[in-house]
Protein chains: 2
Amino acid sequence: MLSQPLSPEPPLLGRLQTLCRGAELPGLAARLGELADLVAADLVAVERGLPRTRPEASAVERSAGHLLSLGGKRLRPMCVALAARLGTGFDARAAELAVAAELIHAATLLHDDVVDLGESRRGAPTSRLLFGNAVSIFAGDWLLVDALRRVRNAGVEGLLERLFDVLDQMILAESLQLERRGRLDTTAAQWMAIAEGKTAALFRWAMYAGARSGGVDPGTAEVLERFGADLGVAFQATDDVLDLAGDPQRTGKALFTDLREGKLTYPLILSLERDPALAPLVADIVSAEVPDAAACLDALRRIEATGSLEDARRLAHRHAGRAKAALLALPPSAAREALETVADATVHRPV
Amino acid sequence: MLSQPLSPEPPLLGRLQTLCRGAELPGLAARLGELADLVAADLVAVERGLPRTRPEASAVERSAGHLLSLGGKRLRPMCVALAARLGTGFDARAAELAVAAELIHAATLLHDDVVDLGESRRGAPTSRLLFGNAVSIFAGDWLLVDALRRVRNAGVEGLLERLFDVLDQMILAESLQLERRGRLDTTAAQWMAIAEGKTAALFRWAMYAGARSGGVDPGTAEVLERFGADLGVAFQATDDVLDLAGDPQRTGKALFTDLREGKLTYPLILSLERDPALAPLVADIVSAEVPDAAACLDALRRIEATGSLEDARRLAHRHAGRAKAALLALPPSAAREALETVADATVHRPV
């Protein structure tokens, strides 16, 4: 068995620390260092627990292995690990659940890239470009089954049933997103329903799963679920801001990528409500074979003028704040502090 | 909730009976009548247990509902029902497992139709044509999750783990089939590996699940698994013969459909081994935008001349015979006779 390269440090933390050191958030940089110290060994265990790609593996396994080998933020496993550390700690069972959370996420990325005809992911060609759409569909199925098997084997009561419900919510949110594809009249409420189902539901499960595997009582685990739900919305709102205001050098993503895939981001939805004259400009960017750079810049200026980017950032901060507030029900601990750091870092991340 | 139309009688049985009455198998027609009497109520319960499509349902639910509403042979639920009847009988728990088997099958059809760009299924446009490829991918995911939830809720020890393994086998067989796509040097052994994984594995699980839910002891349930495995290979070999020698009016499928999707059928693999001069003819049919009717007829004549269609039928009959032989370990019963009838009908079916 060939093992995949292990990241020397959790990629999100490393990149975020670099940014924070040189920027306006020296406090956060130090706290990220503490977070890294706390979960470094846990995340190495997660990397080791991911399915390995054997040299003679099938196309489906190699397609899944390609995506997993590219790293990623491993934010969902980090949630499982920290929630477990609020209880008896991060053990082999929690590691299985952390791996399962990452595999579910990876399965959705494989299917999403087929659906969106995505060409680049984590700075590399997508699995579907390397192995074909068909193989990527089955690779997603394969990771989903692997994740469910791990959750079943972990044997923590109630987790498998909750994951089935979370998967339903994720799939129905994908369905809603497809139905709203390219529709400039998408509302903020619809955006929130999609964000809650597609993104927040799995964060919620990761927190609950970690907590219960660490023996945290069900009531406290539900408090942590609320943390996960708010963290997820904060994460998605930040993602949406980065699609319009991120540095393409850093995010590895061209501006308006979401829009070109027919996804209406939160700041764009707000902008269209506030400046109806923006609609034809945006429609042109969606429909153009190659979007015109000047038209993009013009649209971006108008979007900024509506104040919607600032409001989207505010939404992200509000949900990060709510996530942290939920934690106040817990006694102070290193893991609790680390979760506060995760919430802050999520809305300050550059990628 | 709108209920879907219930078939007045199991479609496979109805169609098969019509055929057998007018043909050379009067004995089978009578036995199919007895089989229909035995499982009619069970199959009505399965139809009732399928997920309903609400009028306000999401695109994903409507896409899945479209496929399920078209009927189909319901052969996997029938296996669950008859295996349960070998024990304490077909109850609500067995019905859930029977529905789960059908949902797994439907999920694979939804993903297969996206992969193969299928346009027609069960005499109607495919879900992907009506709702789009993206929706059909998520609809398959949704049915898979629903099936697993039902198996988990049925609470019969060992069934969920076995289903995870069966799903792995199905996905890896799909992967192998994709890797062999359009490869005229595919071997009979590779065909068998694909048939065992893609088709037989789920029949095997259906038999085991039904038996265990009916309280049949694990040893006997494993005998029934062997029945399912052989039935599945017999079913696939018959399917492959029908792709070349079926009546397109009856099967609703143009000749050489499998080949045009890059799938090498068993008789074609045998023919290519026996008549190497056939390869360029077959390659032309695969690559042509619209296959030439005269070329197809010519290829078909050469395939027939190799005796491979007869040998493929013989393979199907051999496996049906083995399936029936496995049943001899069981005491005689109406359910055992009905399973013998299923094996005979599978290799004599016109569709």
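Residues numbered from 1 in each chain as written. Chains lettered and ligands numbered in written order. Predicted model: local features only at pLDDT ≥ 70, side-chain atom pairs only at ≥ 80, totals over all residues.

What to know about the overall build of chain A
Part 1: Summing up its helical and strand segments, chain A has 17 helices and two strands in all.
Part 2: For chain A, the C-alpha atoms occupy an extent of roughly 55 × 50 × 40 Å along the three principal directions.
Part 3: Sorting the 351 residues of chain A into buried and exposed places 55% on the buried side.
Part 4: Once local pairs closer than 6 in sequence are excluded, the contacts in chain A between residues at least 24 apart make up 73%. (Helix = DSSP H or I, 4+ residues; strand = E, 2+ residues; numbered from the N terminus. Buried ≥ 20, exposed ≤ 12 C-beta atoms within 10 Å, placed from the backbone. Contact = placed C-beta atoms within 7 Å.)

Topic: the relation of the copies chain B and chain A
Part 1: Aligned on chain A, chain B shows an RMSD of 0.0 Å; the corresponding rotation is 180° and the shift along the axis is 0.0 Å. Read as a symmetry element, the transformation amounts to a two-fold axis.
Part 2: Looking at the interface residues of chain B, 100% of them are also at the interface in chain A, so both copies use one shared face. (Least-squares fit on C-alpha atoms with pLDDT ≥ 70 in both.)

Some words on the interface of chain B and chain A
Part 1: Opposite the 27 residues of chain B that make contact, chain A presents 27 residues.
Part 2: At the level of secondary structure, the elements contributing two or more residues to the side of chain B that touches chain A comprise α3 (59–69), α5 (92–116), α7 (133–154) and α8 (159–179) of chain B.
Part 3: Of all the elements, α8 of chain B adds the most residues to the side of chain B that touches chain A, at 11 residues.
Part 4: Split into classes, the residues belonging to the side of chain B that touches chain A amount to 18 nonpolar, three polar and six charged. (Nonpolar A, V, L, I, M, F, W, Y, C, P; charged D, E, K, R; others polar.)

Side note on unusual backbone geometry
Residue and element names in this part refer to chain A.
Part 1: You will see that Arg122, though not glycine, has its phi angle at about 50°, which is positive.
Part 2: Tracing the chain through its elements places Arg122 in the loop between β1 (120–121) and β2 (124–125).
Part 3: A count of 16 C-beta atoms within 10 Å places Arg122 in the partly exposed class.

Examining the nonpolar core
Part 1: Counting residues in each nonpolar core, the largest one holds 234 residues, and the members touching the most others are Val80 and Leu82 of chain A together with Val80 of chain B.
Part 2: Not counting the four nearest positions on each side in its chain, Val80 of chain B is found in contact with Ala94, Leu97, Ala98, Ala101, Ala206, Ala209 and Gly210 of chain B. (Core = buried A, V, L, I, M, F, W, Y, C linked by C-beta atoms within 7 Å.)

Quick notes on helix α3 (residues 59–69) of chain A
Part 1: Across the 11 residues of α3 of chain A, 10 count as buried, placing the element largely inside the fold.
Part 2: Among all positions of α3 of chain A, only Ala59, Val60, Glu61, Arg62, Ser63, Ala64, Gly65, His66, Leu67 and Leu68 of chain A are buried.
Part 3: In the core, the buried residues of α3 of chain A are packed alongside α5 (92–116), β1, α6 (127–131) and α7 (133–154) of chain A together with α8 of chain B.
Part 4: Phi turns positive, to about 80°, at Gly71 of chain A, one or two residues after α3 of chain A.

Structural notes on the packing of α5 of chain B against helix α9 (residues 188–213) of chain B
For any two helices packed against each other, one specifies the inter-axial angle together with the distance between the axes.
All names here are of chain B.
Part 1: Running from N to C, α5 and α9 cross one another at 170°; their axes reach a closest spacing of 9 Å. Taken together, the axis directions place α5 and α9 in an arrangement best described as roughly antiparallel. For the pair α5 and α9, the contacting residues are Arg93, Ala94, Leu97, Ala101, Ile104 and His105 in the first and Leu202, Ala206, Ala209, Gly210 and Ser213 in the second.
Part 2: Grouping the amino acids of the contact of α5 with α9 by side-chain chemistry returns seven nonpolar, three polar and one charged. (Axes fitted to C-alpha atoms, helices over the stretch in contact; angles between N-to-C directions. Parallel < 35°, antiparallel > 145°, perpendicular 65-115°, else oblique.)

Some points on the packing of α5 of chain B against α7 of chain B
All names here are of chain B.
Part 1: As a packed pair, α5 and α7 sit with axes 8 Å apart at the nearest point and diverge in direction by 160°. Judged by the angle between their axes, α5 and α7 are roughly antiparallel. The element α5 and its partner α7 pack so that their crossing is left-handed.
Part 2: A per-class count over the contact of α5 with α7 returns 16 nonpolar, five polar and five charged. (Left-handed = near helix turned anticlockwise from the far one by under 90°.)

A short note on the confidence of the model for chain A
All names here are of chain A.
Part 1: Model confidence for chain A is summarised by a mean pLDDT of 90, while 92% of its residues fall at 70 or above.
Part 2: Considering each helix and strand of chain A separately, the mean pLDDT is smallest for helix α1 (residues 11–21), with a value of 58, and largest for helix α9 (residues 188–213), with 98.
Part 3: This stretch, residues 1–10, has a pLDDT under 50; its non-local contacts, to residues over four places away or in other chains, come to 24 contacts.
Part 4: Scored by ipTM, the complex comes to 0.89, with pTM at 0.91. (pLDDT = per-residue confidence, 0-100.)

Quick word on the environment of Val216 of chain A
Residues and elements named next belong to chain A.
Part 1: Within the secondary structure, Val216 is located in the loop between α9 and α10 (218–245).
Part 2: Sequence-wise, Val216 and Gly87 are 129 residues apart; in three dimensions their C-alpha atoms are separated by 5.2 Å.
Part 3: Beyond its immediate stretch of four places on either side in the chain, Val216 contacts Leu86, Gly87, Ala211 and Ala221.

Comments concerning the environment of Arg260 of chain A
Residue and element names in this part refer to chain A.
Part 1: Within the fold, Arg260 resides in helix α12 (residues 257–260).
Part 2: Among the residues examined, Arg260 registers 17 C-beta atoms within 10 Å and is labelled partly exposed.
Part 3: Separated by 78 residues in sequence, Arg260 and Gly182 place their C-alpha atoms 8.3 Å apart.

Some points on the environment of Lys324 of chain B
Part 1: Position of Lys324 of chain B relative to the elements: it lies in helix α16 (residues 308–327).
Part 2: The class for Lys324 of chain B is buried, based on 20 C-beta atoms found within 10 Å.

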